[in-house]
Every structure is written in C-alpha cells, then in structure tokens.
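Tertiary structure, described
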Amino acid sequence: VTTVSGNEFLLQSDIDFLILDWFHAIKNAIDRLSKERSCTSKNLEFKLRRSSSIELLNSLDTESKEPKPEHRKSLIFRLNYSASDTNDRNRVKSRLKKFISRRPSLKTLQEKGLIKDQIFGSHLHLVCEHEKSTVPQFVQLCIKAVERRGLDVDGIYRVSGNLATIQKLRFVVNQEEKLNLDDSQWEDIHVVTGALKMFFRELPEPLFPYCFFEQFVEAIKIQDHTTRIKSIRSLVKKLPRPNYDTMKMLFEHLKKIAAKESVNLMSTQSLGIVFGPTLLRPEKETGNMAVHMLYQNQIVELMLSEYSKIFGSEED
C-alpha cells in the first residue's frame, strides 16, 4: 500500500494479486460443490451395486416417506446452483475483464503523483535522470555505509542478511525520500549489502547492458593478457554514462573490500563469484549457463585486479 497525502493506494501488482485471489476463491468454491455432486452420484452408484433390490426399495421408500428438511434444502440449493453455474462464471469473468480494462496504469498513477517513482526495479538511467546524477543515491549511501563499518566484516557481500529486513529496507527506499543507513534498524551490515545486491539484481537491464554481454565474453576469452585488458577497457569506455560511473564507483569500492582480504576473507575471486551473475547476464538464458557463469565471474575478477588499467586515464 502506498500512502500519499494521507490516502492509501494499492500498487498495480498488489491489485493483480487481489484479483487472482478473488477469482481463485470463487473457482475453488465452484469446484468444491462440483465434487460434492460427483461424490453423491458415486455413493448412489455404489449403493445400487452393493444393496439387494428389496433393501434398496425399502431404503428409497423410507427416504421418500420421511424426507428430512435439511436434505430438501440441500437438494434445492444444488439444483439452483447447478442451473446458474455457467451464468455465474461468465458474470465473474465479465466483471473482472471490465475492472482490469478500466484500471489506471502504473505510469498514469505516477504521472498524477499518486505513486512515487520506484528505485528498485527501475532502469538505471531513469533513476539517475530522476535524481539528476549519474550514480543512484542509494548505491552511494550503501557504499559509504559499508566502507564505514563493513570492510573488516568476515564474508562481507557473501553472507546473506535477514531477508525480511532487506525487504523492509527496499520498501523504505521506494517510498521515502530520505534514508539513514546508520539507523539502528539497519545495524546489520549484511542487510545493507543484501539490499545493494538486490538493487542490481532487479535492474530491468543489468549494469553491463545486454548488448555488451557477448562482447565482454569474447574479450575475456582472449589469451594474451595485455590485449584482453585493452579489449575490456575499450568496452567499458563505450558504456552509457550512468552505467560507466556506477560501475566505476562500485568496482573501486569492491577493490577496497579485496584489499582487506586477510581480515574479511573476500578475495577478488570471491567477489567475482558473488557479483558476476548479478552485474552481467545474457538477455536470454541458453543451455550453456554454466559456461556463461564462469565467464561472468572471470570478467568481474579481472576488472577488480586490473582496476587502474581499465578505469584509469589514458596516461596511466
């Protein structure tokens, strides 16, 4: 639920879940009653097979002479329900279709100011345009927080934080303008690192754009080390400005993590395993996912170990 000016609004995805829950509840009720009718007919069939003709006639005669009120009501209800079954289903479908077609789009709600622009799940360039920067503020805040109190933490970025707390932080980032990561509720630094990784995972297009994926993979395959670095550097320089600046800040930060390997036990190889699939992935997964993962890890590892040559100036 999004709260704006004291009013509450359901997010579009939440409305979808409510509609589906409602529809499934109605469908389950219909299926349950259908099963009851089926069970009743099966019981009668079983009774016909197992009972002798005299017992059956006596039983039917007794039931006809002494009908129970609840049985009459149940039979009347089922007959009425069976007759209106198809009409009810069609009516529900029709109303759902009308509701969905009239529902305002997420873009319309955002334009009217009813829903705030999201940080998680938005394209990197849109977040940067909204904030008038080339590196998202949330990324900057996370990096600063980790460098203040997480460089020496064992397994930093490898150890997972509490998922419920990470989701809470995600909600706060999406709904509030200001964020204080020094607040006691974000005391666990693994929550901060978990949220930062989630931000990059939920980008509709990864930090390494899809159109560059195969080019980076081909570059990492080059045997000559110097040529490989030059090729990676050339590709990095071609990235859009928000991607390049965000990548440079992130890798500079991860290089500081790796420099404390003796304390936090996070080498460039470990960081490559953690961030490779998060930052770099193909647009369409193919059968050679394991091979792609190996290249993803190697690309991040190389860019960390050769950071100054890849992100430095031409004279360096």
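Here is a short report on the structure shown in this document. (Residues numbered from 1 in each chain as written. Predicted model: local features only at pLDDT ≥ 70, side-chain atom pairs only at ≥ 80, totals over all residues. Heavy atoms only, no water.)

Details of the side chain of R228
Looking at the element boundaries, R228 is found in helix α10 (residues 225–237). For the buried residue R228, which engages in no salt bridge, the nearest side chain bearing the opposite charge is D224, 7.9 Å off. Not counting chain neighbours up to four residues away, the residues in contact with R228 comprise A219, I220, I222, Q223 and L302. (Helix = DSSP H or I, 4+ residues; strand = E, 2+ residues; numbered from the N terminus. Buried < 20%, exposed > 50% of the residue type's maximum accessible area, 1.4 Å probe, protein only. Lys, Arg positive; Asp, Glu negative; His and termini not counted. Salt bridge = Lys/Arg side-chain N within 4 Å of Asp/Glu carboxyl O. Contact = heavy atoms within 4.5 Å.)

Regarding the pattern of salt bridges
Within the structure shown, the criterion is met by 8 salt bridges. Measuring nitrogen to oxygen at the nearest pair gives 3.4 Å for the salt bridge that ties D152 to K260. Of the two residues, D152 sits in the loop between α6 (137–149) and α7 (163–175) while K260 sits in the loop between α11 (241–259) and α12 (261–264), which places them 108 residues apart along the sequence. What makes D152 partly exposed here is its relative accessible area of 45%. On the basis of relative accessible area, K260 is assigned to the partly exposed category, the value being 33%. Here R241 makes a salt bridge to D245, at a shortest N to O gap of 2.6 Å. Placement of the pair is R241 and D245 together in helix α11, with a separation of 4 residues, close to one helical turn. The class of R241 is exposed, set by a relative accessible area of 56%.

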